[in-house]
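Chain residues, written in single-letter form:
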Amino acid sequence: MTIIVISAVWCHACLSMRKTINAIKTKHPEWTWIEYDLDLDEDQVAPFKIGKIIPVFIVQKNNTEVKRIVGEHSLSALESELLNA
Amino acid sequence: MIYLDYSATTPLDPRVAAKWMDVETRVYANANSAHALGLASKAINDASLAVMAGFFGVPVESIIPTASAVEANNFALKGLALKYPKKRHVIVSALEHASLIGAAGYLAHQGYDVDTLPLTPQGLYDVEALDTLIRPDTLVVSLTAVDSETGSRQPIESCAERCRLHHVFFHTDLTQLVGKGSFDLSHVDLATVSAHKVYGPKGIGLLIKKPHVGIVPLLHGGHSVTPWRASTPPNGLLAAFAEALRLAHDEADQRLAIVQARHDQVIAGLRQQSRVTINQASQALPHFVNFSIVGTRPEEGLRYFSDHGICFSSKSACSGQDEKSVSVYAITGDEALAISSYRLGLSHLTTVTEIETFLSVLADYVGTL
């Protein structure tokens, strides 16, 4: 499973989720993470057509999007969403 | 056009502009040059720095001119991080400007832990929470002095005092407070200031750094106005900023009285609109009026007002889930209010007629809903 994270360095919601992301990365080393910056990685972000709310977590299996999680979530909520993807 | 967005930026005071032009055209030599004209420039700059130091009540060597408050915020966090690399923990608030969050976010990507100080139900910093958040490896606590959405004056003095007890650096972003209210920097280690928020020019800010604070410069290149930031001394900008601060000091009471009157006029008018909810924060400065029109999308509402010649703002551009305003949600606990909030920024330049026009257009807008 691959999780694509789209965030911005100036976004407090993204900043406050940094610890959550790091904790899940440690707990689930079997998942692959790709992180894009909304401003600096415009070309990579554009195809995903995200809305105004960040961060965005795009879950892919076999290169196909199976789930999209938007906004700030607690550690347990995000982990649960990912486990159920 | 009617401008009601003075919290975003202010127009240049013509007296400040005159000072800027006078110095930049008459005392233009590089203040680092040893010749007579250079020495004259240095004397002018030293006088400007002395005015700034006096305004903030700090030693003159604490004044580090920067190109902006954005730079000062970045300088504070990254400069401290470079100086004290074993300290890997930072505390901020959800009310910070994007530049402060950006600097903290950059550090987070380098492996730093960043915690957020919670707010009380009144939307103020939970000062006592600092005792549990501060760790042995805490580098700095950085908290803005004023919530730029609701205008709540935050208890930075109490936070600074608490940090001093824990031997942790305290940085505050004074950008929204300078020229609007008083402050005490006795226990503050570093502070950020901007000229363009106080009727000065864009292109100059300050990092105030107390002498006991170590920091690594971000711009290297030798001694300039200070040893902490290299660049050709901007004589005119320094003089203009000093003049803007002098005017803010000398005219403080007069300006505040006008702003308070305009604030009261707006509030009285908003109370006549049943669809409007005033988001009144504790300890709010009268320069800010925050209100919600439930059921509206701020970007559409702002376009309506702009099309009718009135310019103001909503909440900050970055948001979390549901695009709700952290500030408004903190004081109301109401998501509908937090996703439909608007911010007026008032000034001593705001007129009674401008407020009347705003209220009239507001009534028309509400009538279209």
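Residues numbered from 1 in each chain as written. Chains lettered and ligands numbered in written order. Predicted model: local features only at pLDDT ≥ 70, side-chain atom pairs only at ≥ 80, totals over all residues. Heavy atoms only, no water.

Attention shifts here to the domain arrangement of chain B. Residues and elements named next belong to chain B. The domain boundaries assigned to chain B delineate domain 1 (14-250) and domain 2 (252-368). Spacing between the C-alpha centres of domain 1 and domain 2 amounts to 28 Å. The partner domain 2 presents 23 residues to the 26 residues of domain 1 that form the contact. Around 2000 Å² of area is buried between domain 1 and domain 2 when both sides are counted, 55% of it from carbon and sulfur atoms. Of all residues in domain 1, the largest losses of buried area upon contact with domain 2 belong to E149, T150 and Y199, amounting jointly to 36% of the total for that side. Linking domain 1 with domain 2 are 9 residue pairs in polar contact (both at pLDDT 80 or more). (Domains from an automatic or database assignment. Contact = heavy atoms within 4.5 Å. Buried area = accessible area lost by both parts, 1.4 Å probe. Polar contact = N/O pair within 3.5 Å; in protein donor to acceptor, adjacent residues only side chain to side chain.)

Residue and element names in this part refer to chain B. In total, this model carries 24 salt bridges over all chains according to the counting rule given. The salt bridge involving D46 is made with K42; its shortest N-O contact spans 2.8 Å. Of this pair, D46 and K42 both sit in helix α2 (residues 36-56), 4 residues apart, roughly one helical turn. R255 serves as the salt-bridge partner of E251, at 3.1 Å between the closest nitrogen and oxygen. (Salt bridge = Lys/Arg side-chain N within 4 Å of Asp/Glu carboxyl O. Helix = DSSP H or I, 4+ residues; strand = E, 2+ residues; numbered from the N terminus.)

Here we come to the nonpolar core. Where a protein is soluble and globular, its nonpolar side chains tend to be buried together. All names here are of chain B. The biggest cluster of nonpolar side chains holds 46 residues, and the ones touching the most others in it are M52, F56, V141, F170, L174 and F241. If you list the elements that add at least two residues to this core, you get α2, α5 (129-133), β5 (138-144), α6 (156-165), β7 (190-194), β8 (205-209) and α7 (235-250). Of the residues forming this core, the biggest block, 6 residues, is contributed by α7. Look past the residues within four positions of F56 in its chain and what remains in contact with it is L174, V178, F183, L185, V193, L206, I208 and L245. (Core = buried A, V, L, I, M, F, W, Y, C linked by side-chain atoms within 4.5 Å. Buried < 20%, exposed > 50% of the residue type's maximum accessible area, 1.4 Å probe, protein only.)

So, about the environment of V23 of chain B. All names here are of chain B. Note that V23 resides in helix α1 (residues 14-26). The class for V23 is buried, based on a relative accessible area of 1%. Separated by 23 residues in the primary sequence, V23 and D46 place their C-alpha atoms 13 Å from one another. Once residues within four sequence positions are removed from consideration, V23 is found in contact with Y28, I44, N235, G236 and A239.

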